[in-house]
Amino acid sequence: MGARDDGCDLVVRMPKPLGDFVMASVAVRLLHDLGLRLLLIGPAPINGLLGDLELETEDIGNVRTALRRARRDGVDYALLLSSSFRSALQARLAGLRGIGVQRDGRKLLLSASIPRVMAEHKVEEYRELGELAARTLGLRVRDASAYRAPRIEISEQEVAAARRQLAEAGVEGAYVVCCPTVAARHGEKKRWPGFADFYRELAAAGVPTVTCPGPGEEEACREAGAVGAILEGVPLSRYSALLGDAGAVVSNDTGVAHLAAAVGAATLTVYGDTDPARYGPRGARAEAIGREGAWPEVDEVTSRVHRLLGASS
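The rules behind the values
Residues numbered from 1 in each chain as written. Predicted model: local features only at pLDDT ≥ 70, side-chain atom pairs only at ≥ 80, totals over all residues. Heavy atoms only, no water. Pairing = 2+ DSSP bridges. Helix = DSSP H or I, 4+ residues; strand = E, 2+ residues; numbered from the N terminus. Axes fitted to C-alpha atoms, helices over the stretch in contact; angles between N-to-C directions. Salt bridge = Lys/Arg side-chain N within 4 Å of Asp/Glu carboxyl O. Buried < 20%, exposed > 50% of the residue type's maximum accessible area, 1.4 Å probe, protein only. Core = buried A, V, L, I, M, F, W, Y, C linked by side-chain atoms within 4.5 Å. Contact = heavy atoms within 4.5 Å. 1 Å grid on protein atoms, 1.4 Å probe; cavity = no way out; pocket = protein on both sides within 12 Å on 5 of 7 lines; lining within 4 Å. Points joined across faces, edges and corners; volume = space filled by probe spheres on them. Nonpolar A, V, L, I, M, F, W, Y, C, P; charged D, E, K, R; others polar. Patch = residues over 30% accessible without salt bridge, like charges linked within 9 Å, V, L, I, M, F, W, Y side chains within 5 Å. Areas by Shrake-Rupley, 256 points an atom, 1.4 Å probe, with all protein chains shown as cover. Phe/Tyr/Trp six-rings, centres within 6.5 Å; stacked < 30°, edge-to-face > 60°. Lys NZ or Arg CZ within 6 Å of the ring centre and 35° of its normal. Right-handed = clockwise from strand over helix to strand, strands pointing away.

Here we come to the sheet that holds strand β10 (residues 248-252). The pairing of strands in a sheet happens through backbone hydrogen bonds and is either parallel or antiparallel. Taken together, 6 strands build an open sheet; the order of strands is β9-β8-β7-β10-β11-β12 and the sheet is parallel. With partners counted over all chains shown, the strands left at the sheet margins are β9 (229-230) and β12 (286-290), one partner each. Sheet topology note: the strand β7 (residues 176-179)/β10 ladder contains 4 bridges and is parallel. Bridging across to β10, cysteine 179 finds its partner in serine 251.

In structure tokens:
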């Protein structure tokens, strides 16, 4: 369990994938700022990204136990930011009233819901769910525009630790974090084929690169042409700091791009298979390059990165 021992007002079931978790955090911050005590149920390593909110948290592996305990403690509602049918069923079986998006027959299991609108960005959907939860609990949201983009805070301790690790790896000056891998469930379709040449061009220009393989991604990073500082086993909180300090972040359409945008990094997400209009990272310094059905050329990405590095210097 997390920091609180005085109960909660609302259970919040988070999505499992990193990118969805980051996007869904807009609803969590909205409800937290309204003064609600939240029990956050999500993957333990990712829950820590919202550590600044000091929420009560539970690992997703204990979801059924956590839901039943919350109901015994008098909690009535569960905000289901996970859009699976299973999450709605688990809440209903635990005796909680579900709040969520309508899909795959879930509407019959929910006490309050909104329709899925594929034309709007996913962040908007999550924010609307947060507003719906607030109204359901009798609260008024005065200015939802403050929650248009996710925000992940980085501790000073992690910033200092990240800088020490970079120094130990010999990384000096403005560096580029590269994320050349994608989640296994997407196969090759979201992987930009130009990463190997991109690494070579940055190396030739004297631009340091940093790559942080996730668990089991070490070989895939090397196959994608990763050179420079390859830092293995970096915890997610430290990775957030490495992203935030970078001169630029270049990523496939994957969760790291959302995290980078949320910590305020100059983020360039490379597209060739999907449309960023609904799922692209949101942030003041987030940019997309390429489009569905057309990967960008290496020199296009390299030119954009040099512009970002110039703007940050």
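What follows is about the sheet that holds strand β6 (residues 110-115). Reading across the sheet, the 6 strands line up as β3-β2-β1-β4-β5-β6 and stay open at both edges, with parallel pairing between neighbours. Every other strand in the sheet has two partners, leaving β3 (56-59) and β6 as the edge strands with one partner each. Shown here is a sheet whose adjacent strand axes are inclined to one another by a mean of 20 degrees, direction ignored. Here 4 bridges tie strand β1 (residues 10-13) to strand β2 (residues 38-42), and the two strands are oriented parallel to one another.

A few words on the pattern of salt bridges. Taken as a whole and assessed by the stated rule, the structure comprises 19 salt bridges. The salt bridge involving aspartate 253 is made with lysine 190; its shortest N-O contact spans 3.3 Å. Linking aspartate 253 in the loop between β10 and α10 (255-262) with lysine 190 in the loop between β7 and α7 (195-204), this pair joins segments that are 63 residues apart in sequence. Both residues of the pair, aspartate 253 and lysine 190, belong to the buried class. The shortest N-O distance in the salt bridge between arginine 200 and aspartate 197 comes to 2.2 Å. With arginine 200 and aspartate 197 both in helix α7 and 3 residues apart, the pair spans about one turn of that helix. On the basis of relative accessibility, which here comes to 52%, the residue arginine 200 falls in the exposed class. The network of salt bridges with shared partners includes Arg116, Lys122, Glu125 and Arg278.

As a further point, take the nonpolar core. Of all hydrophobic cores here, the largest spans 59 residues; its most connected members are Val28 and Leu81. Filtering out sequence-adjacent residues up to four positions away, leucine 81 remains in contact with Val12, Arg13, Met14, Pro15, Ala24, Ala27, Val28, Tyr126 and Leu129. Counting residues in each nonpolar core, the second largest holds 21 residues, with Cys178, Val270, Ile289 and Val298 among its members.

Attention now moves to the layout of surface pockets. Here the largest pocket defines a volume of roughly 1200 Å³. The wall of the largest pocket is formed by 44 residues, among which Pro17, Leu18, Gly19, Thr254 and Gly255 lie closest to the centre. Those elements giving two or more residues to the lining of the largest pocket turn out to be α1 (18-33), α5 (122-136), β7, α9 (236-245) and α10. Sorting elements by how many residues they give to the lining of the largest pocket places α1 first, with 4 residues. Residue composition of the lining of the largest pocket, grouped by class: 22 nonpolar, 12 polar and 10 charged.

Turning to the side chain of serine 82, a few remarks are in order. Residue placement: serine 82 occurs in the loop between β4 (77-80) and α4 (85-93). Residue class for serine 82 comes out buried when judged on its relative accessible area of 10%.

Along any regular strand the residues' side chains alternate between the sheet's two faces. Here β3 shows one buried face, formed by Glu56 and Glu58, and one open face, formed by Thr57 and Asp59. Summarising the sheet, β2 and β3 pair through 4 bridges and their orientation is parallel. Counted as the bridge partner of leucine 39 is glutamate 56 from β3.

On the surface, Phe85, Leu89 and Leu93 cluster together into a nonpolar patch covering about 290 Å² of accessible area. One can find leucine 93 in helix α4.

We now examine the packing of aromatic side chains. Under the criterion given, the structure shown has 4 aromatic pairs. Ring geometry for phenylalanine 195 and tyrosine 199: centres 6.1 Å apart, planes at 40 degrees, overall tilted. Residue phenylalanine 195 and its partner tyrosine 199 are located together in helix α7, separated by 4 residues, close to a single helical turn. In textbook terms, an aromatic cluster arises when at least three aromatic residues are bridged by ring pairs, as seen for Trp192, Phe195, Phe198 and Tyr199. A cation over an aromatic ring shows up here: lysine 122 above the ring of tyrosine 126, its NZ or CZ 5.1 Å from the ring centre.

Burial of β10 is extensive: 5 of the 5 residues sit out of reach of the surface. Of the two faces of β10, both are covered, the one formed by Ala248, Val250 and Asn252 as well as the one formed by Val249 and Ser251. Pairing analysis gives 4 bridges linking β10 to strand β11 (residues 267-271), with the strands arranged parallel. Bridge pairing in β11 places valine 249 opposite threonine 267. The parallel pair β10 and β11, bridged by α10, forms a crossover whose chirality is right-handed.

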